[in-house]
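Breakdown of the fold
Now for the letters of each chain:
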Amino acid sequence: MEPHVTSKELFEPSEHQHIRYNPLRDEWILVSAHRMKRPWKGQVEKPTEVNIARHDPTNPLCPGATRANGEVNSEYESTYVFDNDFPSLQPDAPDPGHSEHPLFQTKAARGVCKVMCFHPHSDITLPLMSIPEIRAVIDKWAELMVELGSKYKWVQIFENKGAMMGCSNPHPHCQVWASTFLPNEPRIADQTQRDHYNTHRMPMLLEYAKLESQKKERIVVENEDWLVVVPYWAMWPFQTLLLPRRHILRLQDLSDKERDSLASIMKRLLTKYDNLFEVSFPYSMGWHGAPTGQSILDDNSHWQLHAHYYPPLLRSATIRKFMVGYELLAQAQRDLTAEQAAERLRNLPEVHYKLKQSQQSQQEK
């Protein structure tokens, strides 16, 4: 039995702890916004490196550089894709055979891992790229989805940006892992979206996008084809969810117009991220869409294309959110409401702070 509550104080989400439901993962998030008032005496991260060489011949991601396996990159001028020299998945791994016991199950895992460079310059990131340059990235993503999705059940496009997120190379790039199996996160999302569709006859995230578009309180940026929200159930402080307005299953299904507007809204969102603490904002992001391979033949009406952005920073450029202790052993907890985070991001300028600083320096001269 729950304890009897005698307080007559009215509930205020920014002041009182509560739990919120994440329908994509069928789990609850503890929201404790009042914790932002506590003083911080914990770990402080090192400031992000700012002086990055435009071209370093020893950097294995740069045009013309020699990689660890002896192969030489082309003198590329736009995007560039190559096989990961140290892949986590390989296409010809042997089958482990029959599992000896239900508690000791093993199955085959095969696939390929690729690296995709966004731009030839190491000192540029997506928010500082032009919209046509970002559109080239989107087109290459869609191309890889078609190429790898013709063979593999799941194609995971993801970007780890910044050393804080484990990125070992500052050159602008992402990774693409394709596998014969459906990984845990999309497997859960596949089931929750299917359950919602079977009950309501509408894709969960299409319905959610329409509701958020009406409410407005968690929208960060939007245009005719897309909207970005801090999801109601956000786990990370400034986590966002990028959603199309119409029903789309996979990246390759986007029209030319939708690809252009996607490039625009990505630039706007990532500029706001960088402007929040005037730092190259670290995050992990990735695309989720309907499974591929033989699953393309299945009815995937329950799926809706979307991208997740998971940034760790909380209070400043050097203070991050840690997912430890209670988060690992009980459930995720966040330190400000989704509405507070969305408002902060929404109110930020859409001119990148570096460009603004450059303009001011020129004016002073």
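Residues numbered from 1 in each chain as written. Predicted model: local features only at pLDDT ≥ 70, side-chain atom pairs only at ≥ 80, totals over all residues. Heavy atoms only, no water.

**Structural notes on the overall build of the chain**
- The number of helices and strands found in the chain is seven helices and 14 strands.
- Its C-alpha atoms give the chain a radius of gyration of 22 Å, near enough to 21 Å, the size a compact globule of 365 residues would have.
- When the backbone C-alpha atoms are referred to their principal axes, the chain occupies close to 70 × 70 × 40 Å.
- A burial count over the chain gives 48% of its 365 residues as buried. (Helix = DSSP H or I, 4+ residues; strand = E, 2+ residues; numbered from the N terminus. Rg over C-alpha atoms; globule rule 2.2 N^0.38 Å. Buried < 20%, exposed > 50% of the residue type's maximum accessible area, 1.4 Å probe, protein only.)

**Re the pairing of strand E9 (residues 240-244)**
- For E9, the tally of buried residues reaches five of five residues, placing the bulk of the element in the interior.
- Judged by which residues are buried, E9 turns out to be covered on both faces: Thr-240, Leu-242 and Pro-244 on one side and Leu-241 and Leu-243 on the other are all buried.
- In the sheet, strand E8 (residues 226-229) pairs with E9 via four bridges, with the strands oriented antiparallel. Each residue of the ladder has a partner; that of Trp-226, found in E9, is Pro-244.
- Bridge count between E9 and strand E11 (residues 306-310): three bridges; the pairing is antiparallel. Pairing of Leu-242 across the sheet is with Ala-307, part of E11. (Pairing = 2+ DSSP bridges.)

**Focus on the pattern of salt bridges**
- The tally for this structure, following the rule as stated, stands at 26 salt bridges.
- One salt bridge in this structure joins Arg-246 and Glu-258, with 2.4 Å as the shortest N-O distance. In this pair, Arg-246 sits in the loop between E9 and helix H4 (256-277) while Glu-258 sits in helix H4, placing the two residues 12 residues apart along the sequence.
- Residue class for Arg-246 comes out partly exposed when judged on its relative accessible area of 39%.
- Using a relative accessible area of 7% as the deciding quantity, one classes Glu-258 as buried. (Salt bridge = Lys/Arg side-chain N within 4 Å of Asp/Glu carboxyl O.)

**Focus on the sheet that holds strand E2 (residues 27-31)**
- The strand order across the open sheet formed by three strands is E1-E2-E14, and the pairing between neighbours is mixed. Each edge of the open sheet carries a strand with a single partner, namely strand E1 (18-22) and strand E14 (333-334).
- Pairing of E2 with E14, which is carried by two bridges, proceeds in the parallel orientation. Residue pairing across strands places Leu-30 opposite Gln-333, the latter belonging to E14.

**A word on the packing of helix H1 (residues 131-149) against H4**
- Packing of H1 against H4 brings their axes to within 9 Å, and their N-to-C directions diverge by 120 degrees. Classified by the angle between their axes, H1 and H4 sit oblique to one another. Taken as a pair, H1 and H4 cross one another with a handedness that is right-handed. Between H1, through Ile-131, Ile-134, Arg-135, Ile-138, Asp-139, Trp-141 and Ala-142, and H4, the contact on the second element is made entirely by Asp-256, Arg-259, Asp-260, Leu-262, Ala-263, Ser-264, Met-266 and Lys-267. (Axes fitted to C-alpha atoms, helices over the stretch in contact; angles between N-to-C directions. Parallel < 35°, antiparallel > 145°, perpendicular 65-115°, else oblique. Left-handed = near helix turned anticlockwise from the far one by under 90°. Contact = heavy atoms within 4.5 Å.)

**Some words on the sheet that holds E9**
- Read across the sheet, nine strands follow the order E3-E4-E6-E5-E10-E11-E9-E8-E7 without closing on themselves; strand pairing throughout is antiparallel. Two strands close off the open sheet at either side, each with one partner strand: strand E3 (80-83) and strand E7 (219-222). Going across the sheet, the axis of each strand differs from the next one's by a mean of 20 degrees, ignoring polarity.
- Two elements, strand E10 (residues 283-288) and E11, share five bridges in a ladder whose sense is antiparallel. Counterpart to Met-285 in the pairing with E11 is Tyr-309.

**Description of the nonpolar core**
- Core analysis: the largest hydrophobic core is formed by 56 residues, its most contacted members being Trp-141, Leu-242, Trp-287 and Tyr-309.
- Looking at which element gives the most residues to this core, the answer is H4, with nine residues.
- What Trp-141 contacts, discounting residues up to four positions off in sequence, is Met-116, Phe-118, Ile-157, Cys-174, Leu-251, Met-266 and Trp-287. (Core = buried A, V, L, I, M, F, W, Y, C linked by side-chain atoms within 4.5 Å.)

**Here we look at helix H3 (residues 204-215)**
- Over its 12 residues, H3 runs 17 Å from end to end, which matches the ideal 16 Å to within 8%, given 1.5 Å per residue.
- Where H3 is concerned, the buried positions are Met-204, Leu-205, Leu-206, Tyr-208, Ala-209, Glu-212 and Ser-213.
- Buried residues belonging to H3 abut helix H2 (184-200), E7, E8, E9 and E11.
- Just past H3, the residue Lys-216 takes up positive phi, approximately 75 degrees. (Expected span 1.5 Å × (residues − 1).)

**Considerations on unusual backbone geometry**
- One non-glycine residue, Asp-26, adopts positive backbone phi at about 55 degrees.
- Its place among the elements puts Asp-26 in the loop between E1 and E2.
- For Asp-26, a relative accessible area of 52% translates into the label exposed.
- Residue Glu-278 is not a glycine yet carries a positive backbone phi of 50 degrees.
- Here Glu-278 shows up in the loop between H4 and E10.

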